[in-house]
Amino acid sequence: MIGILSYGVYIPRYRLSRERVYASMGWFSPATRGYAKGEKAVANYDEDGLSMGVEAARVCLEASKREEVSGLYFASTSLPYLERQNSAIMASALNLSEHVETADMTGSLRAGTSALLAAFDAAVSGRGGKALAVASDCRLAKVASAQEHLSGDGAAAFLVGEGDTLATLHGSFTVSCDFVDYRRTTKDDFGRSWEERWIRDMGYGRLIQEALSGLLKEQGLSAGSLAKVVFPCPYPAVRKKIATRLGIDHSRVQEGVHQFVGDAGVATPLLMLVSALEESEPGDLIAVASYGNGAQALLLKVEECIRDYPRGGWERALSRRAEMPYEKYMAFKEMVPLEVGIRGEEVAPTALSVLWRERKAILGLVGSRCKKCGTPVYPPQRVCVNPECKAIDEMEEHPFAHRTGKLFTFTADNLAFSMDPPALYGVVDFEGGGRYWFDLTDCALSDLKVGMEVKMSFRRKYVDKNRSVFGYFWKAVPVLGGGE
């Protein structure tokens, strides 16, 4: 049976209180007072839509064999590259086969469910293997706008294939139309939107209802047969209206992520689907709808294997949090110009030919392991570093990204440029052997202790704006508790 085999979510550690946003900018836009409730998830300065998608996919693939993944469909409206395939970079970071089919899906907020449908289509087509659907967004909003309150950052991933399925697909219904609400061109840094009541009432209120109604009619089901209904809508009153018009009990409408995460764009309906699966029972029917240039609705049936699946990932992702000041948020999002000094003004050009040759080591954090004595090392070497072995050209690939480690030593640097000073570095001893030094992120100097556990995270290392290059590498994240 083909269906969802696993899922993963990633929510950035930082949270921004909407009340703090309003306290800072409400003087300019008092009409946003009604949005100043709860908090939203905010990507760190070294995170973007691609890096968050990698992290969600890593969680999704924890118990899977990477060589079995034959397709990767990455949905986002905030892709780092317009002409360089982001999903190919993701595949390298995940150490997938270089024969995997990759595709970027963008242009609409419903691209997340489209990626999930593409994964199902690929798995059903008989081409073999399993397909991975990833949705991630990290969108910018203008200061003092409603979207600054509503938007948030996050990612979700689903692995689809044949095996012990958690949920199976039983139908879909799509409404495609050029309903102009949110828009952004290649020259825009920030999204633009039309009049809010238009978006709220004619957009969310009508199009999501049409997609869900069409799905139920096509499947010959009544609204009462659904155990859960999942759809993105940042307006609580509209969510209730949609449920009432469809004849769905309000208790069956999945709680939104807007109060805790925000509108994470293409990832929102898939984040909500993860939340619904965490609460579901075998036999439950779940309708999940997305919104954007129309709407799309999928019907899923929860299978018996959900009983044995380790749940709790959603709550762990939410519990991993630290508050972010509004001033730091503006700096990280490059809303205000900063004096970076001469150390931060210029980035050395990336040797793209070297990046190609060393792509597994750089993007996949793949080292080497001696076949004679078993000693692992990073970066990969030809000669064994074990002084009692010193074998030459007797190495096999050895991935480090999924391994935890211990912080052997660390330092704080107040001279080197960092968007979040001081710059923190540490030497990590990996579980099973191997040692290397990494930048430390998602932490403060006061959090660090020698011997503490760390895990690896795929991050944006630098941005070379003059040459349009985003450099990615791995950083160490201390395991601080609270869902880490």
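Below, the structure is looked at part by part.

**A look at helix H8 (residues 268–279)**
Moving on, step 1. Taking 1.5 Å of rise per residue, 12 residues should cover 16 Å, and H8 covers 17 Å from first to last C-alpha, within 8% of that figure.
Moving on, step 2. Where burial is concerned, most of H8 is hidden: 11 out of the 12 residues are buried.
Moving on, step 3. Taken residue by residue, H8 has Thr268, Pro269, Leu270, Leu271, Met272, Leu273, Val274, Ser275, Ala276, Leu277 and Glu278 as its buried positions.

**Some thoughts on the environment of Val59**
Moving on, step 1. Residue position: Val59 is located in helix H2 (residues 49–60).
Moving on, step 2. On a C-alpha basis, the gap between Val59 and Arg357 in space is 27 Å, while along the polypeptide they are 298 residues apart.

**A word on the side chain of Gln147**
Moving on, step 1. Among the secondary structure elements, Gln147 is positioned in helix H5 (residues 146–150).
Moving on, step 2. Not counting residues up to four positions away in its chain, the partners in contact with Gln147 are Ala141 and Tyr182.

**A word on unusual backbone geometry**
Moving on, step 1. Looking along the chain, the bond that leaves Tyr378 and enters Pro379 is cis, with omega of -5°.
Moving on, step 2. Backbone torsion omega between Pro421 and Pro422 reads 0°, so that peptide bond is classified as cis.
Moving on, step 3. Assignment of secondary structure puts Pro422 in the loop between strand S18 (405–413) and strand S19 (423–430).
Moving on, step 4. The backbone phi angle of Ala144 is positive, close to 70°, even though this residue is not glycine.
Moving on, step 5. At Asp442, a residue that is not glycine, the phi angle is positive and equals roughly 55°.
Moving on, step 6. Within the secondary structure, Asp442 is located in the loop between strand S20 (435–439) and strand S21 (453–464).
Moving on, step 7. Judged by its relative accessible area of 2%, Asp442 falls in the buried class.

**Focus on empty space enclosed by the protein**
Moving on, step 1. One pass over the structure, following the stated rule, counts two cavities of 30 Å³ or more.
Moving on, step 2. Counted as a void, the largest cavity has a volume near 60 Å³.
Moving on, step 3. Lining the largest cavity are Leu109, Tyr204, Pro232, Asp263, Gly265, Thr268, Pro269, Ser290 and Tyr291.
Moving on, step 4. Listing elements by their share of the lining of the largest cavity, those giving two or more residues are H8 and strand S12 (285–291).
Moving on, step 5. Size it by volume and the second largest cavity reaches roughly 40 Å³.

**A closer look at the pattern of salt bridges**
Moving on, step 1. Taken as a whole and assessed by the stated rule, the structure comprises 28 salt bridges.
Moving on, step 2. Linking Arg467 and Asp464 is a salt bridge whose minimum nitrogen-to-oxygen distance equals 2.7 Å.
Moving on, step 3. Residue class for Asp464 comes out buried when judged on its relative accessible area of 2%.
Moving on, step 4. Through salt bridges with shared partners, a single network forms among Asp46, Glu47, Arg320, Asp442, Arg459 and Lys475.

**A closer look at the environment of Lys406**
Moving on, step 1. For Lys406, the location among the structural elements is in strand S18.
Moving on, step 2. Taking relative accessible area as the criterion, Lys406 reaches 45% and is therefore assigned partly exposed.
Moving on, step 3. Considering only alpha carbons, one finds Lys406 and Val454, 48 residues apart in sequence, at a separation of 5.9 Å.
Moving on, step 4. Setting aside residues up to four positions removed in sequence, Lys406 forms contacts with Val427, Val428, Asp429, Gly451, Met452, Glu453 and Val454.

**Looking at the sheet that holds S21**
Moving on, step 1. Read from one edge to the other, the open sheet built from five strands follows the order S20-S19-S18-S21-S22, with strand pairing classed as antiparallel. One side of each edge strand has no neighbouring strand; the edge strands of this open sheet are S20 and strand S22 (469–478). For this sheet the average axis-to-axis angle between neighbouring strands, irrespective of direction, equals 25°.
Moving on, step 2. Where S18 meets S21, two bridges bridge the pair, whose relative direction is antiparallel.

**Considerations on the packing of aromatic side chains**
Moving on, step 1. Applying the stated rule across the entire model yields 19 aromatic pairs.
Moving on, step 2. Look at Tyr378 and Tyr436: their rings are 5.0 Å apart centre to centre, the planes differ by 80°, and that puts the pair in the edge-to-face class. Here Tyr378, found in the loop between strand S16 (376–377) and strand S17 (395–399), pairs with Tyr436, found in strand S20; they are 58 residues apart in sequence, far enough to count as distant.
Moving on, step 3. A residue is classified by how much of its surface remains accessible, and Tyr378, at 7% relative accessible area, is buried.
Moving on, step 4. Classification of Tyr436 by relative accessible area gives partly exposed; the value is 22%.
Moving on, step 5. The interplanar angle of 90° and the centroid separation of 5.9 Å between the aromatic rings of Phe430 and Phe438 together place this pair among those described as edge-to-face.
Moving on, step 6. Classification of Phe430 as buried rests on a relative accessible area of 6%.
Moving on, step 7. An aromatic cluster is defined as three or more aromatic residues linked by ring pairs; in this entry it consists of Tyr378, Phe400, Tyr425, Phe430, Tyr436, Trp437, Phe438 and Phe473.
Moving on, step 8. Sitting over the ring of Phe231, Arg239 keeps its end group 5.0 Å from the ring centre.

**Here's the deal with the pairing of strand S3 (residues 39–42)**
Moving on, step 1. Across the two faces of S3 the burial is the same, with Glu39 and Ala41 and Lys40 and Val42 all buried.
Moving on, step 2. Strand direction decides the pairing type here: strand S2 (residues 14–17) and S3, joined by four bridges, are antiparallel. Directly across from Leu16, in S3, lies its bridge partner Lys40.

**So, the sheet that holds S17**
Moving on, step 1. Across the sheet, which stays open at both edges, the three strands sit in the order S16-S15-S17 with antiparallel pairing between neighbours. Looking along the sheet, the strands with just one partner apiece sit at the ends: S16 and S17.
Moving on, step 2. Sheet topology note: the strand S15 (residues 366–370)/S16 ladder contains two bridges and is antiparallel. Opposite Ser368, over in S16, you have Val377 as the bridge partner.

**A closer look at the nonpolar core**
Side chains of nonpolar character tend, in soluble globular proteins, to be buried together.
Moving on, step 1. The biggest cluster of nonpolar side chains holds 51 residues, and the ones touching the most others in it are Leu132 and Leu365.
Moving on, step 2. Once residues lying within four places of it in the same chain are set aside, the contact partners of Leu132 are Ala57, Cys60, Leu61, Val69, Gly71, Leu72, Tyr73, Leu94, Ala157, Phe158 and Leu159.

**Some remarks on the packing of helix H4 (residues 111–124) against H8**
Moving on, step 1. One way to put it is that H4 packs onto H8 with a least axis distance of 7 Å and a crossing angle of 65°. Mapping the contact onto sequence places Gly112, Thr113 and Leu116 in H4 and Pro269, Leu270 and Leu273 in H8.
Moving on, step 2. Grouping the constituent residues of the contact of H4 with H8 by class yields four nonpolar, two polar and no charged.

Each value, and the rule that gives it
- Residues numbered from 1 in each chain as written.
- Predicted model: local features only at pLDDT ≥ 70, side-chain atom pairs only at ≥ 80, totals over all residues.
- Heavy atoms only, no water.
- Helix = DSSP H or I, 4+ residues; strand = E, 2+ residues; numbered from the N terminus.
- Expected span 1.5 Å × (residues − 1).
- Buried < 20%, exposed > 50% of the residue type's maximum accessible area, 1.4 Å probe, protein only.
- Contact = heavy atoms within 4.5 Å.
- 1 Å grid on protein atoms, 1.4 Å probe; cavity = no way out; pocket = protein on both sides within 12 Å on 5 of 7 lines; lining within 4 Å.
- Points joined across faces, edges and corners; volume = space filled by probe spheres on them.
- Salt bridge = Lys/Arg side-chain N within 4 Å of Asp/Glu carboxyl O.
- Pairing = 2+ DSSP bridges.
- Axes fitted to C-alpha atoms, helices over the stretch in contact; angles between N-to-C directions.
- Phe/Tyr/Trp six-rings, centres within 6.5 Å; stacked < 30°, edge-to-face > 60°.
- Lys NZ or Arg CZ within 6 Å of the ring centre and 35° of its normal.
- Core = buried A, V, L, I, M, F, W, Y, C linked by side-chain atoms within 4.5 Å.
- Nonpolar A, V, L, I, M, F, W, Y, C, P; charged D, E, K, R; others polar.

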